[in-house]
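Architecture at a glance
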Amino acid sequence: MAKTDEPTVIKKYANRRLYNTGTSTYVTLEDLAEMVKAEDDFVVFDAKSGDDITRSVLTQIIFEQENKGQNLLPIAFLRQLIRFYGDSMQTLVPPYLEYSLESFVRDQEKMRQQMASTFGVSPFDTLDEHVRRNTQMFEQAMRMFMPFGPGGEPQERPAEAGEEKPAAAGSGSGDLDDMKRQLAEMQRQLNTLATGSGGPKGAAKKGGGSSGA
């Protein structure tokens, strides 16, 4: 069947029954799961209030699949996800997860081919590289929002002995380096002010100790 541009409207009634207005039939969560796998777009509305409840219904589908033993979400991931609710970094999580999953979907065909091959590169090498690349991107985003570590210093990897800092690859990395330098300069100024305000007190204490001796 040819797919239309408009998503299919699903209505949910008070008795929790789901009605597919496209086929004029009642459907189940399992039917909606099959529609998702077939890339059939749909939206779900509450039949009484008219509210869009697509998100909650999709969450129910995931819950049903997990209850059937098809465990896709690791426990550690679920715990970490729950911790982000109400956190100041909450707004960064959805776009990061969406980008990561879209990137994974783009690479899945390559992974399937490697899994089907008896020889060659292990498919887990590609998966590890994918995870590593996304982790680096997420850490860079975190450093932009939290540029200073616990000690008040910029979070920057210390250079190895004899290692030279690489030149900026483009305008984007140059802007990031400038931002880091500006933040580091601001931190140094704050440290100078803090030291200056505490200097006389320290000197007075030292002077008092000398006279007592």
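An account of the accompanying structure is given in this report.

What counts, and where the lines are drawn
- Residues numbered from 1 in each chain as written.
- Predicted model: local features only at pLDDT ≥ 70, side-chain atom pairs only at ≥ 80, totals over all residues.
- Heavy atoms only, no water.
- Pairing = 2+ DSSP bridges.
- Helix = DSSP H or I, 4+ residues; strand = E, 2+ residues; numbered from the N terminus.
- Phe/Tyr/Trp six-rings, centres within 6.5 Å; stacked < 30°, edge-to-face > 60°.
- Buried < 20%, exposed > 50% of the residue type's maximum accessible area, 1.4 Å probe, protein only.
- Lys NZ or Arg CZ within 6 Å of the ring centre and 35° of its normal.
- Axes fitted to C-alpha atoms, helices over the stretch in contact; angles between N-to-C directions.
- Parallel < 35°, antiparallel > 145°, perpendicular 65-115°, else oblique.
- Contact = heavy atoms within 4.5 Å.
- Nonpolar A, V, L, I, M, F, W, Y, C, P; charged D, E, K, R; others polar.

What follows is about the pairing of strand 1 (residues 8–12). Across 5 bridges, strand 1 lies against strand 4 (residues 42–46) in parallel orientation. Considered in strand 4, the bridge of Val9 is made with Val43. Two elements, strand 1 and strand 2 (residues 18–20), share 3 bridges in a ladder whose sense is antiparallel. The residue bridging Lys11 from the neighbouring strand is Tyr19, located in strand 2. Once strand 1 ends, the chain turns through 5 residues before running back antiparallel as strand 2, passing Arg16 with a positive phi of about 70 degrees.

Scanning the entire structure with this criterion turns up 1 aromatic pair. Aromatic pair Tyr19 and Tyr26: ring centres 5.2 Å apart, planes at 70 degrees, arrangement edge-to-face. With a relative accessible area of 21%, Tyr19 lands in the partly exposed category. When the ring centre of Tyr26 is taken as origin, the NZ or CZ atom of Arg17, which lies over that ring, is 3.8 Å away.

Moving on: the packing of helix 1 (residues 29–37) against helix 2 (residues 54–67). Between helix 1 and helix 2, whose axes approach to 10 Å, the crossing angle comes to 100 degrees. Relative to helix 2, the element helix 1 is oriented roughly perpendicular. Residue-level contacts link Leu29, Glu30, Leu32, Ala33 and Val36 of helix 1 to Val57, Leu58, Gln60, Ile61, Glu64 and Gln65 of helix 2. Broken down by class, the residue content of the contact of helix 1 with helix 2 amounts to 7 nonpolar, 2 polar and 2 charged.

Geometric values such as these leave the question of function open.
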